[in-house]
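# Structure at a glance
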Amino acid sequence: MSALLEVSDLTQRFGGLTAVDSVSFQIAAGSVSAIIGPNGAGKTTLFNLVSGFQQPVGGAIRFEGREITGQAPHRIAAAGLVRTFQLVQLFSDLSARQNVETGCHLRGRGGVWAALTRHARARAEMQRARETADELLHFVGLQAQADLAASALTYGQQRLLEVARALAAGPRLLLLDEPAAGLNAIETDLLAQTIGRIIERGITVLLIEHDMSLVMRIARQIIVLDFGRKIAEGPPEVVQNDPAVLDAYLGGVDLGGGASDA
Ligand SMILES: Nc1ncnc2c1ncn2[C@@H]1O[C@H](COP(=O)(O)OP(=O)(O)OP(=O)(O)O)[C@@H](O)[C@H]1O
Ligand SMILES: [Mg+2]
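My aim in this report is to walk through the structure given alongside it, one point at a time. Positions within a chain are numbered from 1, following the residues in the order the chain's sequence is written. Lettering of chains starts at A and numbering of ligands starts at 1, both following the order in which they are written. Where local features are concerned, this predicted model is filtered to residues with pLDDT of at least 70; where side-chain atom pairs are given and counted, the filter is 80 or more; whole-chain, interface and lining totals use all residues. Each side-chain value is derived from all of the structure's non-hydrogen atoms; neither hydrogens nor water enter the calculation.

### With respect to the sheet that holds strand β1 (residues 5-14)
At least two DSSP bridges between two strands are required for those strands to pair. Every helix listed is a DSSP run of H or I at least four residues long, and every strand listed is a run of E at least two residues long, numbered separately from the N terminus. Strand order across the open sheet formed by four strands is β2-β1-β4-β5, with antiparallel pairing between neighbours. Of all strands in the sheet, those bounded by a partner on one side alone are β2 (17-27) and β5 (66-67). Examined bridge by bridge, strand β4 (residues 58-63) and β5 share two bridges and lie antiparallel to one another. Note that in β5 the partner of Phe 63 across the bridge is Arg 66. Contacts between residues were defined by any pair of non-hydrogen atoms, one from each residue, lying within 4.5 Å. In this analysis, axes come from line fits to C-alpha atoms, helices being fitted only over the stretch in contact, and the angle between any two N-to-C directions falls in the range 0 to 180 degrees. Lying on the sheet, helix α1 (residues 43-50) is in contact with β1, β2 and β4; it crosses β1 at an angle near 115°.

### So, the packing of aromatic side chains
Between rings of Phe, Tyr and Trp, where Trp is taken as its six-membered ring, a pair exists when centres lie within 6.5 Å; planes separated by under 30 degrees are stacked, by over 60 edge-to-face, and by other angles tilted. Evaluated as defined, the whole model comprises one aromatic pair. Judged by centre distance (5.3 Å) and plane angle (90°), the rings of Phe 53 and Phe 85 are edge-to-face. A residue pair is termed long-range when its members are at least 10 positions apart, and Phe 53 in the loop between α1 and β4 and Phe 85 in the loop between β6 (81-83) and α3 (96-104) qualify at 32 residues. When a residue's accessible area, from a 1.4 Å probe over protein chains only, is under 20% of the maximum for its type it is buried; when over 50% it is exposed; and in between it is partly exposed. Relative accessible area serves as the criterion here: at 44%, Phe 53 is assigned to the partly exposed category.

### Focus on the sheet that holds strand β7 (residues 173-177)
Within the open sheet, the six strands sit side by side as β6-β7-β8-β3-β9-β10. Their pairing is mixed. In this open sheet, the two strands that pair with only one neighbour each are β6 and β10 (229-234). With direction set aside, neighbouring strand axes in the sheet form an average angle of 15°. Pairing between strand β9 (residues 221-226) and β10: five bridges, direction antiparallel. Across the sheet, Leu 225 pairs through a bridge with Lys 230, a residue of β10. Against the sheet, helix α7 (residues 185-200) touches β3 (32-36), β7 and β8 (204-208), its axis set at about 145° to β8.

What follows is the structure, given as structure tokens:
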């Protein structure tokens, strides 16, 4: 079976710091995988490289067999690889529906500008975007909030709204950077269920997460980073008992599946 995402020897440096150090891994289609590791391990930097927000100093990224290394974020998103951010990045004055609609425009080739310059087609595209947005708001359970400003939503709802917006771009691979950060237990449970239904739609999920009980519950494959290096990889039960992983987390989070935060 060929991998959906293949990362080879990926490296990123900031001055003297090697934030991502020759990292290689593969993500199979149809799975939930997680990247874990202590603060500053290089997880978000890895996402920045894979999604085109930063250029690596070395290594290669292949998506669906095609090399995407160094491509612009909008091209990578249009190819079907879409990410969310560690901190909420919504248009706070726009409604929930409008926020999701902005995601739809990543999908079309011409984008918003082409839509605005071609009147009839623009109207059809905007109508489609609205229908997609309403369907996705329903999918994440925010249909009742469609007309509210994003800033009026609870924090947990804002995180789900970001997932809906990312889905609007039509991803085949969805990267989520700490989607459960700041969520309470009920919201985290809702998120886990939503991720389960995203998989059922045929979308592959790769998430960065500090909430170990969530990771151990939903991820089939876990990649562990420490100081930019991949120190372990495997299913939860293997990674959980790996001496190198326990060492990296020494005095830190409980990998046994209990409540944790970092
Ligand atoms: N743009 C940048 N310029 C300089 N250093 C950076 C930059 N981005 C990240 N770093 C450094 O690279 C290292 C990895 O950072 P990164 O944000 O990828 O870690 P992380 O694993 O996502 O951490 P966290 O769990 O806290 O989100 C850290 O030492 C960080 O300070
Ligand atoms: Mg991070």
